[in-house]
Amino acid sequence: MTNRLENPLKSLKEWWFNRQDNRREQEPLKESRDRLLVVATLIAAVTFQAGVSHPGGVWQESSGGQAIYASQAGPFYVFLVCNTLALSFSINLIISLTCGMPFFLEVMLATGSMAVTYGSAIFAVTPKSPDQFRWLLFTGSVPFLLRLLIQMGKCCNPMRK
């Protein structure tokens, strides 16, 4: 205590330089967070658009609005599964990166609404097969389940300090 009182300029100088060091350490983290958020948002936008307006378009008359690409069942469901995974991972990343930021509730509501819109668009244009749609719902939940398992592993790890 007396050491601080004897040399207040030295303690102020140490405090200032420690503060600057902390800022320098946090700036690269903020920049990489911002870059990841931009990339995740672009992936979400592209995959959402690809899911809502399917490649090849939609039959207008005979099939009742089904996707033209759905006539090739195998490739169509590979497209849907991969697109759904990409959208779900990007939504998960957006939620993770914006957690604790201002307007987080609005981000959650917007991404949740986007996911529901994507699901309803997929359901509207795919051939009516409840089993395949259930698989797509499961596929969409994989990133969130994976994140949950990772977080549970971090919390329950006995080797954690």
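For clarity, every value in this text was computed on a predicted model and none was experimentally measured.

Undergrad: Pulling in residues and values, what's your account of the overall build of the chain?
TA: Scanning the chain from terminus to terminus reveals 5 helices and 0 strands. N-terminal to C-terminal, the α/β element order of the chain is α-α-α-α-α. A burial count over the chain gives 22% of its 161 residues as buried. Considering only intrachain contacts with a sequence separation of at least 6, the fraction spanning at least 24 residues in the chain is 70%. A total of about 11600 Å² of accessible surface is found on the chain, and carbon and sulfur atoms cover 67% of it.

Undergrad: Could you give me a rundown of the packing of aromatic side chains, with the residues and numbers involved?
TA: Under the defined criterion, the tally for this structure stands at 2 aromatic pairs. An angle of 70° between the planes, with centres 5.4 Å apart, marks the rings of Phe76 and Tyr77 as edge-to-face. When sorted by exposure, Phe76 lands in the same class as Tyr77, which is buried. Summarising the aromatic geometry, the rings of Trp135 and Phe138 are spaced 6.0 Å apart at their centres and angled 90° between planes, so their arrangement reads as edge-to-face. Placement of both Trp135 and Phe138 in helix α5 (residues 130–156) is noted, with a separation of 3 residues, approximately one turn of the helix.

Undergrad: Kindly report on the packing of helix α3 (residues 73–98) against helix α4 (residues 104–125), identifying the contributing residues and their values.
TA: At a minimum axis separation of 10 Å, α3 and α4 run at an interaxial angle of 170°. In this view, α3 runs roughly antiparallel relative to α4, as classed from their interaxial angle. Across the interface between the two elements, Leu80, Asn83, Thr84, Leu87, Ile91, Ile94, Ile95 and Thr98 of α3 pack against Phe104, Val107, Met108, Thr111, Met114, Ala115, Tyr118 and Ile122 of α4. Classifying every residue of the contact of α3 with α4 by side-chain character gives 12 nonpolar, 4 polar and no charged.

Undergrad: If you had to explain the layout of surface pockets to someone new, which residues and values would you point to?
TA: Empty space among the atoms becomes visible once a probe the size of a water molecule is rolled across them. The calculated volume of the largest pocket comes to roughly 290 Å³. Surrounding the largest pocket, 18 residues form its lining, Thr84, Ser88, Ala115, Tyr118 and Gly140 being those nearest its centre. When contributions to the lining of the largest pocket are tallied by element, the ones reaching two or more residues are α3, α4 and α5. Tallying contributions element by element places α4 first for the lining of the largest pocket, with 7 residues. Here the residues of the lining of the largest pocket are counted per class, giving 11 nonpolar, 7 polar and no charged.

Undergrad: Describe the nonpolar core, with residues and values.
TA: Counting 15 residues, the largest nonpolar core has Leu80, Leu87, Tyr118 and Ile122 as the members making the most contacts within it. Of all the secondary-structure elements, those providing two or more residues to this core are α2 (8–52), α3, α4 and α5. In terms of residues, this core owes the most to one element, α3, which gives 8 residues. Every residue in contact with Ile122, bar those within four places of it in the chain, is listed here: Gly51, His54, Leu80, Phe133 and Leu136.

Undergrad: So, α3: which residues are in play, and what are the values?
TA: For an α-helix the count is 3.6 residues per turn, leaving residues at separations of three or four pointing the same way. Along its 26 residues, α3 runs 37 Å from first to last C-alpha, staying within 8% of the 38 Å computed at 1.5 Å per residue. The positive-phi residue at the C-terminal boundary of α3 is Gly100, with phi of around 85°.

The rules we used
- Residues numbered from 1 in each chain as written.
- Predicted model: local features only at pLDDT ≥ 70, side-chain atom pairs only at ≥ 80, totals over all residues.
- Heavy atoms only, no water.
- Helix = DSSP H or I, 4+ residues; strand = E, 2+ residues; numbered from the N terminus.
- Buried < 20%, exposed > 50% of the residue type's maximum accessible area, 1.4 Å probe, protein only.
- Contact = heavy atoms within 4.5 Å.
- Areas by Shrake-Rupley, 256 points an atom, 1.4 Å probe, with all protein chains shown as cover.
- Phe/Tyr/Trp six-rings, centres within 6.5 Å; stacked < 30°, edge-to-face > 60°.
- Axes fitted to C-alpha atoms, helices over the stretch in contact; angles between N-to-C directions.
- Parallel < 35°, antiparallel > 145°, perpendicular 65-115°, else oblique.
- Nonpolar A, V, L, I, M, F, W, Y, C, P; charged D, E, K, R; others polar.
- 1 Å grid on protein atoms, 1.4 Å probe; cavity = no way out; pocket = protein on both sides within 12 Å on 5 of 7 lines; lining within 4 Å.
- Points joined across faces, edges and corners; volume = space filled by probe spheres on them.
- Core = buried A, V, L, I, M, F, W, Y, C linked by side-chain atoms within 4.5 Å.
- Expected span 1.5 Å × (residues − 1).

These figures capture arrangement, not role.
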